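As a plain string of letters, each chain reads:
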Amino acid sequence: MSVWYRKIKVAETQEDLLNVCKLRYHVYVDELKRDNYNYIDNVKRILEDDLDNVDGVVNLMVNSPENKDADITLAGCARLHVPVPEKYNEMFGILDKGLFPGSTINDFAFFSRFMVKAEFRGRNGATDAIYEQCYIQAREMGAKYLML
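Here's a quick rundown of the structure. Quick caveat: nothing in here was measured; it's all calculated off a predicted structure.

### Focus: the overall build of the protein
- The secondary structure content of the protein amounts to three helices and seven strands.
- Beginning at the N terminus, the succession of helices and strands in the protein can be written as β-α-β-β-β-β-α-β-α-β.
- At 16 Å, the protein has a C-alpha radius of gyration in line with the 15 Å of a compact globule built from 148 residues.
- Principal-axis analysis of the C-alpha atoms places the extent of the protein at approximately 50 × 40 × 25 Å.

Have a look at this one:
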């Protein structure tokens, strides 16, 4: 049995980030028909926003086992933030010492833009493997809590 979905890597180059943004566009716009975002580029067919360019952000990605679509080469991706972007602190109660006694801002991670191409959703392992790698990456970055 192939374990292609376990070969998750950090997007390190501009080309990697472009592939992540193409998959996001494909899932949000092509599959889900959600095109009401101001950060969608319909000409380049990418979805990239301000949180892609802040300190502490890492994009994880896994390549498709077979490239049926030459333009969308990824099976899945997720964006991980350590620390959590400030605008989410209140929503998650991160600064509430009653909820998280003894914690600091850097103890928290948040993932967003978790995408899996339709053909790879389900029981093939891709979704679970990306989620697991988000947890591992967050711990490696010093986080104790992963906010969903």
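### Comments concerning the environment of A129
- In this structure, A129 sits in helix α3 (residues 126-140).
- You can call A129 buried: its relative accessible area is 4%.
- For A129 and G98, which are 31 residues apart along the polypeptide, the C-alpha to C-alpha distance reads 33 Å.
- Residue contacts for A129: discarding those within four places in its chain leaves Y5, R6 and I8.

### Examining the side chain of D49
- Tracing the backbone shows D49 in the loop between β3 (46-47) and β4 (57-63).
- Of the residues examined, D49 reaches a relative accessible area of 9% and is grouped as buried.
- Within polar-contact distance, the side chain of D49 engages the backbone nitrogen of L51 at 2.9 Å.
- A distance of 2.9 Å separates a polar atom in the side chain of D49 from a polar atom in the side chain of R113.
- Ignoring any residue separated from it by four or fewer positions in sequence, one finds D49 in contact with Y39, R79 and R113.

### Re the side chain of Q137
- Within the secondary structure layout, Q137 lies in helix α3.
- Ignoring sequence-local partners within four residues, the contact set of Q137 consists of V10, V58, L60 and L80.

### What to know about the pattern of salt bridges
- According to the stated counting rule, one finds 10 salt bridges in the structure shown.
- Between D107 and K144 there is a salt bridge, with its nearest N and O atoms 4.0 Å apart. Taken as a pair, D107 in the loop between α2 (89-92) and β6 (108-116) and K144 in the loop between α3 and β7 (145-147) lie far apart in primary sequence, 37 residues in all.
- By relative accessible area, D107 is classed as buried at 9%.
- For K117, the salt bridge is made with E119, and the minimal N-O distance between the two is 3.8 Å.
- Each member of the salt-bridge network shares a partner with another, and the members are R24, D49, D52, R79 and R113.

### Some words on the pairing of β6
- With eight of its nine residues buried, β6 lies for the most part within the structure.
- With five bridges joining them, strand β5 (residues 74-81) and β6 adopt antiparallel strand pairing. Among the inter-strand pairings, G76 is bridged to a residue of β6, identified as V116.
- Looking at chain direction, β6 and β7 are connected through three bridges and run parallel.

So, how was this worked out
Residues numbered from 1 in each chain as written. Predicted model: local features only at pLDDT ≥ 70, side-chain atom pairs only at ≥ 80, totals over all residues. Heavy atoms only, no water. Helix = DSSP H or I, 4+ residues; strand = E, 2+ residues; numbered from the N terminus. Rg over C-alpha atoms; globule rule 2.2 N^0.38 Å. Buried < 20%, exposed > 50% of the residue type's maximum accessible area, 1.4 Å probe, protein only. Contact = heavy atoms within 4.5 Å. Polar contact = N/O pair within 3.5 Å; in protein donor to acceptor, adjacent residues only side chain to side chain. Salt bridge = Lys/Arg side-chain N within 4 Å of Asp/Glu carboxyl O. Pairing = 2+ DSSP bridges.

Spatial relationships are all this shows, so hold off on functional conclusions.
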